[in-house]
Amino acid sequence: MLEQKVAEAKLQLTQLLERKAALNAQRRSASLRIMSRSNAVVWEKAKQRYRHKLDEHGMRLVLLIGALFAALVLPFAFFAAIFDWLTFGMIASCLSITATIIVYRIVLCGSDERTFQRISNHEVAKAEASREKVETGFAISAVEHDIKIVLIQLSELEPELARQLAFEEEERRKNEFDNLSKNLFNERWKELRGIDFEKYVKRVFEHLGYETEETPVTGDQGVDLVAISAGRRMAIQIKGYFNSVSNSAVQEVVAGMKFYRCYRSCVVTNSRFTASAIDLANANDCKCVSEDNFEDFIYGRVFPCVGTDAL
């Protein structure tokens with residue numbers, strides 16, 4: 001449920017950001033239209049003032065005749081007289097006259113009434129663009145407000161979701177560990193002897209997260225296995241017995257501990273220990289695992305799983 005809320009909030013945030021981007025583009029377009037219409041109004045008024053000045057002095061027709069004459073003579077003189085290209089001179093003169101007439105019609109022709117109409121159209125379009133820009137600005141403010149609300153929701157939901165996911169992951173790992181521990185415990189460990197029991201104990205330590213090193217089959221100095229966690233080493237002697245384990249097993253592993261550079265020792269059996277073996281182990285800080293606490297050993301309650309201060 002919480003994960004769905006976070007996904008919905010993220011989807012809403014994405015949609016709002018897309019909406020904001022579209023509105024910003026619309027506002028920029030409106031700004032460009034306002035600028036374009038303002039320039040057009042300035043241009044129309046400038047043409048009108050220029051025509052009025054020419055009309056005041058009766059110079060509009062004179063200007064046209066002078067421009068046409070210049071457009072006719074100058075290109076022809078350039079190509080014909082300088083380069084001796086008569087044909088190109090005539091073509092250039094025709095093109096120049098045409099351009100002069102077009103410019104004259106655009107700039108100097110037209111009545112004040114038509115100019116006022118064009119200015120009015122530009123002003124109306126400018127007003128519409130301005131209104132659109134203002135409305136878009138309000139819409140952007142509303143979208144930004146909604147974005148802030150969604151971000152606040154996410155800032156509250158995401159940490160809670162992270163905690164929930166971490167809890168679920170921890171529960172999954174715990175259940176997986178418990179299931180594997182149960183499977184190990186349900187094996188016929190009490191009947192194992194010799195190498196078979198040593199391999200079984202090795203599997204248990206690896207299940208608890210330890211690295212393991214096997215010692216030589218012969219000449220092992222009383223140590224059958226070394227369990228390693230965070231660089232710290234523990235010497236282990238493994239006894240798959242039917243009878244009780246005597247204090248000689250404790251003596252051997254305590255003696256061999258230094259040989260393998262270990263800081264702690266342990267004896268693991270699927271039987272029991274004699275009272276003297278337990279006393280000797282306690283005196284030498286040697287951990288004893290027997291059938292009485294073997295289930296705790298498998299479930300990580302004797303030697304905690306790697307990740308805690310196991311050794």
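Everything discussed here concerns the structure shown above.
Residues numbered from 1 in each chain as written. Predicted model: local features only at pLDDT ≥ 70, side-chain atom pairs only at ≥ 80, totals over all residues. Heavy atoms only, no water.

Q: For this particular structure, what's the right way to read the packing of aromatic side chains?
A: Think of a pair of aromatic rings as described by two things: how far the centres are apart, and how the planes are tilted against each other in angle. By the definition in use, this model includes eleven aromatic pairs. On the basis of an interplanar angle of 15° and a centroid distance of 6.4 Å, the ring pair of Phe197 and Tyr200 is categorised as stacked. Here Phe197 pairs with Tyr200, and both are found in helix 5 (residues 194-207), just three residues apart, close to one helical turn. Like Tyr200, Phe197 is buried. An aromatic cluster of three or more residues is present, and its members are Phe185, Trp189, Phe197, Tyr200, Phe205, Tyr210, Phe294, Phe297 and Phe303. (Phe/Tyr/Trp six-rings, centres within 6.5 Å; stacked < 30°, edge-to-face > 60°. Helix = DSSP H or I, 4+ residues; strand = E, 2+ residues; numbered from the N terminus. Buried < 20%, exposed > 50% of the residue type's maximum accessible area, 1.4 Å probe, protein only.)

Q: When you look at helix 6 (residues 247-257) in this model, what are you seeing that I'm missing?
A: A turn of α-helix holds 3.6 residues, and therefore any two residues three or four places apart point the same way. Looking only at helix 6, the buried set comprises Ala249, Val250, Val253, Gly256 and Met257. Here the buried residues of helix 6 occupy an arc of 140° about the axis, which is enough to place them on one side. (Arc of directions from axis to C-beta.)

Q: It is not clear to me how the sheet that holds strand 3 (residues 232-239) should be interpreted in this structure. Could you clarify?
A: The strands making up a sheet associate through backbone hydrogen bonding, with each pair oriented either parallel or antiparallel. Taken in spatial order, the five strands of this open sheet run 1-2-3-4-5, and their pairing is mixed. The open sheet is flanked by strand 1 (211-214) and strand 5 (286-289), the only strands paired with a single partner. Strand-to-strand, the axes of this sheet are offset by a mean angle of 25°, without reference to chain direction. As paired strands, strand 4 (residues 264-269) and strand 5 are joined by four bridges and run parallel to one another. From the neighbouring strand, Ser265 faces strand 5, where its bridge partner is Cys286. (Pairing = 2+ DSSP bridges. Axes fitted to C-alpha atoms, helices over the stretch in contact; angles between N-to-C directions.)

Q: Teacher, can you tell me more about the side chain of Lys239 here?
A: Considering the arrangement of structural elements, one finds Lys239 in strand 3. There is no salt bridge for the buried Lys239, and the closest opposite charge comes from Glu252, which lies 4.3 Å off by N-O distance. If sequence neighbours within four positions are ignored, Lys239 has contacts with Phe197, Val245, Ala249, Glu252, Val268, Thr269 and Asn270. (Lys, Arg positive; Asp, Glu negative; His and termini not counted. Salt bridge = Lys/Arg side-chain N within 4 Å of Asp/Glu carboxyl O. Contact = heavy atoms within 4.5 Å.)

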